Amino acid sequence: MFAATILTLYPEMFPGPLGISLAGRALAEGRWSIEPVQIRDYATDRHRSVDDTPAGGGAGMVMRADVLARAVDAALDRRPDVPLLAMTPRGRPLSQERVRTLAAGPGVTILCGRFEGIDERLFEGRAIEQVSVGDYVLSGGEMAAMVVLDACIRLLPGVMGAASSGDDESFETGLLEYPQYTRPVEWEGRTIPEVLRSGDHAAVNAWRHARAEADTRSRRPDLWERHGGARIHPPSGARHEKKDR
Ligand code: SAM
C-alpha cells in the first residue's frame, strides 16, 4: 500500500479533495493511506513556535530548521524506506517521470512550507528532495503536496478504470496528448474530425500521433525540443504541418 506522511501546520486540510472521487475511492479501498503530522508537536517552547523573523530583515516569517528537523527525523525513523520531499518553488519542477517512480514505491513523506519558506540549513543538514509544482507561488505547501499525491494515486494499481488508460496521456510519451472529442457528433456547427468516426484504427492512430506532435510543437516548444522532435522535423516542416490543419 502507498503510504503518505504529510508534515504540515494544517493537518486538517488532509485528505481534503483527495477524499473524493478516484483518490477518495482508492483511499476507502485501502490502496493508499495518509497520515498528516502536526509540525507544532515538535516545537519545544510553550507557544509551540515553528517560525521566526528572517535573518537579514524583510517581510514575513521563516520556518525554523531545528523544529522542522525534529519533525523530519521522527518521520524518517518511522518510514526510512520512503522518499522525503519538501514542497518549495525553489525546487525541481515535478515531472510525470518522477511521479511514476514515486507511485511505484512504498509511499512518500512530504514537508509543507508556510510563510516565507524554510530555513535553508534544513536542506543542508538533511537529504530532502526539493520539489516545485510550477513557476508560481502558493500560500503553502499543502496544495502542492496534494498535487503530488493526486498524480501518484491515479497511477496506483486498480485506481484508474482501464489499466492502459494512462499510457497515451500527456507527458507519458514526451508529448502532449492528442485532442479528445465525444458525442454529439455536431455541436454549434462543429463536427468531430471525420477520421475519428471512420472506424479505421490505423488512420485514427496516425491522426492522433500527428496531432500530438503538432500540438506539442506549437504549444510547448520546450517539451518538443526535449522530445527530440525539433531534430526529426525541421522548422520548415512545422510551418507546413500548421498550414495543413
Ligand atoms: N518566499 C518563498 C519564495 O518566494 O520562494 C515562497 C513561500 S510560499 C508563500 C510558502 C510555501 O508554499 C513554500 O514554503 C512552499 O512550501 C509552498 N509553495 C509555494 N509555491 C510553491 C510551488 N510552486 N511549488 C511547491 N511549493 C510551493
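In this text the structure is predicted, and so the values were computed from the model without any measurement.

Novice: Can you tell me about the nonpolar core, naming the residues and giving the values?
Specialist: Core analysis: the biggest nonpolar cluster contains 29 residues, and Trp32, Val108, Ile110, Leu149 and Ile153 have the highest contact counts within it. For this core, the elements supplying multiple residues, two or more each, are strand 1 (2–8), helix 1 (21–28), strand 5 (84–93), helix 3 (96–103), strand 6 (107–112) and helix 5 (141–153). Looking at this core, the element that brings in the most residues is helix 5, giving eight residues. If sequence neighbours within four positions are ignored, Leu149 has contacts with Phe2, Ala4, Ile6, Leu18, Ile34, Val108 and Ile110. Core analysis: the next-biggest nonpolar cluster, separate from the first, contains 23 residues, Ala43, Leu68, Phe123 and Ile128 among them.

Novice: Could you give an account of the environment of Pro93, with specific residues and numbers?
Specialist: On the secondary structure map, Pro93 appears in strand 5. For the pair Pro93 and Val133, spaced 40 residues apart in sequence, the C-alpha separation works out to 5.7 Å.

Novice: Describe the pattern of salt bridges, and please don't skip the residues or the numbers.
Specialist: Taken as a whole, this structure holds 16 salt bridges when the rule is applied. Salt-bridge contacts for Asp119 lead to Arg121; the nearest nitrogen and oxygen are separated by 2.6 Å. Residue Arg121 is classed as exposed on the basis of its relative accessible area, which comes to 55%. Connected through shared salt-bridge partners, Arg220, Asp222 and Arg226 make up one network.

Quick notes on the rules
Residues numbered from 1 in each chain as written. Predicted model: local features only at pLDDT ≥ 70, side-chain atom pairs only at ≥ 80, totals over all residues. Heavy atoms only, no water. Core = buried A, V, L, I, M, F, W, Y, C linked by side-chain atoms within 4.5 Å. Buried < 20%, exposed > 50% of the residue type's maximum accessible area, 1.4 Å probe, protein only. Helix = DSSP H or I, 4+ residues; strand = E, 2+ residues; numbered from the N terminus. Contact = heavy atoms within 4.5 Å. Salt bridge = Lys/Arg side-chain N within 4 Å of Asp/Glu carboxyl O.

Everything listed here is a matter of coordinates, which is why it stays silent on function.
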